[in-house]
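Notes for the structure review
What follows is the residue order along each chain.
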2 protein chains.
Amino acid sequence: MKRDDIPTPALVLDLDRFERNLDRMAAHVTRAGKNLRPHAKTHRCPEIARRQIKAGAIGVACAKLGEAEVMAAEGIRGLLITTEVVPAAKIERLVKLVREAPDTMVVVDHADNARELSRAATAAGAVINVLVDIEVGGRRTGIQPGAPAVALAREIASLPGLRFRGLQGYAGQCAHVMGWAARREASRAAMAPLAETRRLAEAAGLAVEIVAGGSTGTFDIDVEMPELTELQSGSYCVMDIDYRRIGGQRSEALTAFEMALTVVATVVSVPEATRAMVDAGLKAFSTDKPFPPEAVERPGIEYTFAGDEHGRLALRDPDRPLRLGERIEFFAPHCDPTINLYDRIHAVRQGEVEGIWPVAARGRSD
Amino acid sequence: MKRDDIPTPALVLDLDRFERNLDRMAAHVTRAGKNLRPHAKTHRCPEIARRQIKAGAIGVACAKLGEAEVMAAEGIRGLLITTEVVPAAKIERLVKLVREAPDTMVVVDHADNARELSRAATAAGAVINVLVDIEVGGRRTGIQPGAPAVALAREIASLPGLRFRGLQGYAGQCAHVMGWAARREASRAAMAPLAETRRLAEAAGLAVEIVAGGSTGTFDIDVEMPELTELQSGSYCVMDIDYRRIGGQRSEALTAFEMALTVVATVVSVPEATRAMVDAGLKAFSTDKPFPPEAVERPGIEYTFAGDEHGRLALRDPDRPLRLGERIEFFAPHCDPTINLYDRIHAVRQGEVEGIWPVAARGRSD
């Protein structure tokens, strides 16, 4: 199939750009002496996870148990589940997953949850690998750093059926701070309590094998921290407008990784010379960011959402009118929830579709 | 399965409320002497379409060809595709669909598109039923009402392989006008050119069998228009916050239809007494509306989005703290794109799951 034959709206991945992104991140973590366990919540696509691991990643992080189950069934190992697994029925599923993929890890931020995991693992004769999830200022999940985190780590280390492996701290609030210097300052401040917790835990006699964290926004910041052992950056492999605009260390935009993912749409109506409608709306792009999709190589076009299935294009360059049936590609504001709208990714190289990759964990937030 | 055993985040449909919604709309259109072809873009679920038809609907509207293909494969008939089908490959698919489900209709707003449809239908020995899509102020698709629309209708009526059936005008800009009186005024003004176009087309000797339009917001307004033959309201069957808040004819909220759809989530972290995190974020609720999901029967809780998989709950009632593992149901801001995030709907009656209905056309925006 040719790129131009893909039915729209559709996700297209530029393989040359994608592969350069994987290689650049691999070289970066190698130079920094860190591991990479990229976040698969970005793509939910086992084929991308396989390629990340082939390029040197030690596994993938999964936001949810359901995502991890899909990855494990596809043979992906080195899984870390970054949201607490709480209800009893889900803990049963986790134990089953751990028997299939014993190196799977899960985060914990509460002693009650640790005890439930311990009971279930012990009953099944399994061992669950655990990281303590530490609050680093994002006001999401996580126990307070310092003494509370060390006490939880000690409890986990003492419980049968659990193996304490280390710490996680995800400073999501730093990922999109505009400007590299400001972002570095924010991330250093946020991550310092995580580093301090590692030192306290080790002083308390606990072996802290793993300290995980980081985003695509802080990929070249968090590796400066000696206590960090692995990066969880996810979006770097495909990129999006939100990450491009935050700026790089030596550039106005974040250019270390290339914009590899697009949504391709078709003009289905041209009601006026300066207006056209495309077949891509709220169900083709995520809407969680306050800026619109951006037409690639057509800077004179402005997109606005116009319903579930429509985008309205305002045309600023009357010398290049929009034709009925014309295909237009857009960069998405935010990659993760945009990919989660699609069942497949069209992997394209120089106009040819090389593969159609199922987004097999799409919708698996459970 | 019990309601409380559904893995979260998940979509739950209250069957008692849902059935009352279907019955109320059926009684309403019967009283008004109109037909109902509800918009299946709301639910993308063949089982819901079947139940709407069983309750008296003459078919369903589909936003896209892909959606219609799924409905047809499930035996649903009386399909109307409300977005123009433009690329040649899609026109081929449409012709195939029409051979399987000959009463399928499609909208057209451009003579070039009409000629392409005619050529493809003629080559296949098929007949495509066509409505002319008329711009009624929403600045989306549609030809201008009046003379341009009548000229297009006349051309369609003259083309081999096409059968002119009537007109469609969707005034999306009126659907959520706050307050019934203001909404009535807006919709009457918007729809007047559609009515006028019907009269002009008939004066020109064209048989206008169908005039379609309307939303859940205007369900009891557009039926006042003698020229309208069928209503396309979609959201009424499940409802959402956005429609509830617009107000009814005699009520502050739109209460003619009940809030039948919820997203059920689980508390996975309780970092502070006044804050808890649930497992439902950007991938569990659509984010296109400027107001958050609303906790059902827990008015002291405020939800804010906190990433792909997290919602942050602020607790205003310290006497009723949130427990780890507690399940909380939310009304979604906007039903259509929220349902489109899920593969299934859990149909529940009084705490028991009666059915798990595939959202079989999920993602079929193509």
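Small disclaimer: the values here were computed from a predicted structure and weren't measured.

Residues and elements named next belong to chain B. Ordered by their spatial adjacency, 8 strands build an open sheet running β2-β9-β8-β7-β6-β5-β4-β3, and the pairing between neighbours is parallel. For this open sheet the edge positions go to β2 (35–36) and β3 (60–62), each flanked by a neighbour on one side alone. Alignment of β3 against strand β4 (residues 79–81), held across 3 bridges, turns out to be parallel. Note on β4: the bridge partner recorded for Ala61 is Leu80. Relative to the sheet, helix α3 (residues 65–73) contacts β3 and β4, its axis offset from that of β4 by approximately 165°. Against the sheet, helix α7 (residues 180–203) touches β7 (162–169) and β8 (210–213), its axis set at about 150° to β7.

Turning to the confidence of the model for chain A, a few remarks are in order. It should be kept in mind that the predicted coordinates are not to be read in detail where pLDDT is low. The predicted model of chain A averages 97 in pLDDT, with 100% of residues at 70 or higher. Scored by ipTM, the complex comes to 0.97, with pTM at 0.98.

A few words now on the relation of the copies chain B and chain A. Copy one and copy two of the chain differ by a rotation about a common axis and a shift along it. In screw terms, the move from chain B to chain A is a rotation of 180° and a rise of 0.0 Å along the axis, fitting with an RMSD of 0.0 Å. Overall, the copies show the geometry of a two-fold rotation axis. Nearest to the rotation axis, the C-alpha of B:Thr287 is located 2.9 Å from it, this being the minimum over chain B. With an isologous cut-off of 70% or more, the 100% of interface residues of chain B that recur at the interface of chain A puts this contact in the isologous class.

We now examine the interface of chain B and chain A. The interface is formed by 54 residues belonging to chain B together with 54 residues belonging to chain A. Contributing elements (two or more residues each) for the side of chain B that touches chain A: α4 (88–100), α5 (111–124), β10 (261–272) and α9 (335–339) of chain B. The element that contributes the greatest number of residues to the side of chain B that touches chain A is β10(B), accounting for 4 residues.

Turning our eyes to something else, we now look at the pairing of strand β17 (residues 352–358) of chain B. Residue and element names in this part refer to chain B. Where strand β16 (residues 344–349) meets β17, 6 bridges bridge the pair, whose relative direction is antiparallel. Across the sheet, the residue bridging to His346 is Ile356, located in β17. A loop of 2 residues connects β16 with β17, the two strands running antiparallel in sequence, and Gln350 in this loop sits at a positive phi of about 45°.

It is worth spelling out α4(B) at this point. All names here are of chain B. In this model, α4 (13 residues) spans 19 Å end to end at C-alpha, consistent with the 18 Å of a helix rising 1.5 Å per residue. Here α4 has its buried residues at Lys90, Ile91, Leu94, Val95, Leu97 and Val98. Taken around the axis of α4, the buried residues stretch over an arc of 160°, which confines them to a single face. Along α4, exposed side chains directed more than 90 degrees from the buried face belong to Ala88, Ala89 and Glu100.

Residues and elements named next belong to chain B. Here Ser235 lies in the loop between β9 (230–231) and α8 (241–244). Here Ser235 falls in the buried class, since 27 other C-beta atoms lie within 10 Å of it. Sequence spacing of Ser235 and Thr266 is 31 residues, and the spatial spacing of their C-alpha atoms is 26 Å. Excluding anything up to four places from it in sequence, Ser235 contacts Thr42, Thr216, Asp240, Tyr243, Cys335 and Asp336.

Time to look at the sheet that holds strand β2 (residues 35–36) of chain A. Strand pairing in a sheet relies on backbone hydrogen bonds, with the paired strands running either antiparallel or parallel. Residue and element names in this part refer to chain A. Spatial ordering of the open sheet is given by β2-β9-β8-β7-β6-β5-β4-β3, a layout of 8 strands whose pairing is parallel. Of all strands in the sheet, those bounded by a partner on one side alone are β2 and β3 (60–62). Across 4 bridges, the pairing between strand β7 (residues 162–169) and strand β8 (residues 210–213) is parallel. Each bridged residue has a counterpart across the sheet, and for Gly166 the counterpart in β8 is Ile210. Its contacts with the sheet place helix α6 (residues 147–158) against β5 (105–108), β6 (128–133) and β7, and it is angled at close to 170° to β6.

Right, let's get into α7(B). All names here are of chain B. Counted at 1.5 Å a residue, the expected span for α7 with its 24 residues is 34 Å, and the 33 Å between its end C-alpha atoms agrees. Every buried residue belonging to α7 is among Arg183, Ala186, Ser187, Ala190, Met191, Leu194, Thr197, Arg198 and Ala201, and all of these are buried. Turning to α7, the residues buried within the fold contact α6 (147–158), β7 and β8.

Further remarks concern the pairing of strand β13 (residues 301–305) of chain A. Residue and element names in this part refer to chain A. Inspection of the sheet shows β13 paired to strand β14 (residues 311–315) by 5 bridges, in the antiparallel sense. Bridge pairing links Glu302 to Ala314 in β14. Hairpin connection from β13 to β14: 5 residues lie between these consecutive antiparallel strands, with Gly307 at a positive phi of about 110°.

Rules of the game
Residues numbered from 1 in each chain as written. Chains lettered and ligands numbered in written order. Predicted model: local features only at pLDDT ≥ 70, side-chain atom pairs only at ≥ 80, totals over all residues. Pairing = 2+ DSSP bridges. Helix = DSSP H or I, 4+ residues; strand = E, 2+ residues; numbered from the N terminus. Contact = placed C-beta atoms within 7 Å. Axes fitted to C-alpha atoms, helices over the stretch in contact; angles between N-to-C directions. pLDDT = per-residue confidence, 0-100. Least-squares fit on C-alpha atoms with pLDDT ≥ 70 in both. Expected span 1.5 Å × (residues − 1). Buried ≥ 20, exposed ≤ 12 C-beta atoms within 10 Å, placed from the backbone. Arc of directions from axis to C-beta.

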